[in-house]
Amino acid sequence: MLYEVIGIVRPGNLAEVKEIVLAAGQLVLQQKGVIRGISNWGVFMLPKATSVHQMRHHTGHYFAMRFDSSIKTQQAVRNMLALDPRMIRHAAVKLGDGKLSTMSRFGKPEWNE
């Protein structure tokens, strides 16, 4: 199945974003998944101030990762992101209906302003 994870990491250190994306990508690859694309969207204001791990955040560093994997791998990626204290928030969605004709229309994740 094709999934997309959009994550928000605490801003200020690009190395932290790289480490989180690298760890999630390695988890997908170790479980025989395929990474279709990774996008760095940069730092943006959050829709509303969010408190996570006893810190209040107003901005976050956004990234998107699109990958093909099993359901168990997708759940493992979500669990890994949920346990990371550097993450502010994340969301995972399934793209398409599992048919090749539908899934071939999805390209890399893009950010349109």
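Remember, predicted model here, so these are calculated numbers, not experimental data. (Residues numbered from 1 in each chain as written. Predicted model: local features only at pLDDT ≥ 70, side-chain atom pairs only at ≥ 80, totals over all residues. Heavy atoms only, no water.)

**Thoughts on helix α2 (residues 71-83)**
Argument step 1. For α2, which comprises 13 residues, the first-to-last C-alpha distance of 19 Å matches the rise-based estimate of 18 Å (1.5 Å per residue) to within 8%.
Argument step 2. Buried residues along α2 sit against β1 (2-9), α1 (14-30), β3 (55-68) and β4 (87-95). (Helix = DSSP H or I, 4+ residues; strand = E, 2+ residues; numbered from the N terminus. Expected span 1.5 Å × (residues − 1). Contact = heavy atoms within 4.5 Å.)

**Focus on the nonpolar core**
Argument step 1. Counting residues in hydrophobic clusters, the biggest one holds 15 residues, and the most contacted among them are Val 9, Ile 20, Phe 63, Phe 67, Val 77, Leu 81 and Met 87.
Argument step 2. It is α1 that contributes the most residues to this core, six residues altogether.
Argument step 3. Those residues within four positions of Ile 20 in sequence are excluded, and the remaining contacts are Val 9, Phe 63, Met 80, Leu 81, Asp 84, Arg 86 and Met 87.
Argument step 4. Formed by seven residues, the second largest nonpolar core is a distinct cluster that contains Trp 41, Leu 46, Tyr 62 and Ile 88. (Core = buried A, V, L, I, M, F, W, Y, C linked by side-chain atoms within 4.5 Å. Buried < 20%, exposed > 50% of the residue type's maximum accessible area, 1.4 Å probe, protein only.)

**So, the pairing of β1**
Argument step 1. Burial analysis of β1 places seven of its eight residues in the buried class, which makes it a mostly covered element.
Argument step 2. As paired elements, β1 and β3 share eight bridges and run antiparallel to each other. Note on β3: the bridge partner recorded for Val 5 is Met 65.
Argument step 3. Across eight bridges, the pairing between β1 and β4 is antiparallel. If you follow Glu 4 over to β4, its bridge partner there is Val 93. (Pairing = 2+ DSSP bridges.)

**Considering the sheet that holds β1**
Argument step 1. Spatially, four strands are ordered β2-β3-β1-β4 in an open sheet, and the strand pairing comes out antiparallel. With one partner strand each, in any of the chains shown, β2 (34-52) and β4 form the two edges of the open sheet. Between one strand axis and the next, the sheet turns through 20° on average, direction left out of account.
Argument step 2. α1 contacts β1, β2, β3 and β4 of the sheet and is inclined by roughly 35° relative to β3. (Axes fitted to C-alpha atoms, helices over the stretch in contact; angles between N-to-C directions.)

**Topic: the side chain of Thr 50**
Argument step 1. Within the secondary structure, Thr 50 is located in strand β2.
Argument step 2. What makes Thr 50 buried here is its relative accessible area of 10%.
Argument step 3. At a separation of 3.1 Å, a polar atom in the side chain of Thr 50 contacts the main-chain carbonyl oxygen of Lys 48.
Argument step 4. Not counting residues within four places of it along the chain, the set of residues in contact with Thr 50 comprises Met 55, Arg 56, His 57, Ile 88 and Arg 89. (Polar contact = N/O pair within 3.5 Å; in protein donor to acceptor, adjacent residues only side chain to side chain.)

**What about the environment of Tyr 3?**
Argument step 1. When you line up the elements, Tyr 3 lands in strand β1.
Argument step 2. The exposure class assigned to Tyr 3 is buried, which follows from its relative accessible area of 5%.
Argument step 3. In the structure, Tyr 3 is positioned 68 residues away from Ile 71 in sequence and 9.4 Å away in space, judged by C-alpha atoms.
Argument step 4. Discounting residues that sit within four places of it in the chain, Tyr 3 has contacts with Met 65, Arg 66, Phe 67, Ser 69, Ser 70, Ile 71, Gln 74, Val 93 and Lys 94.

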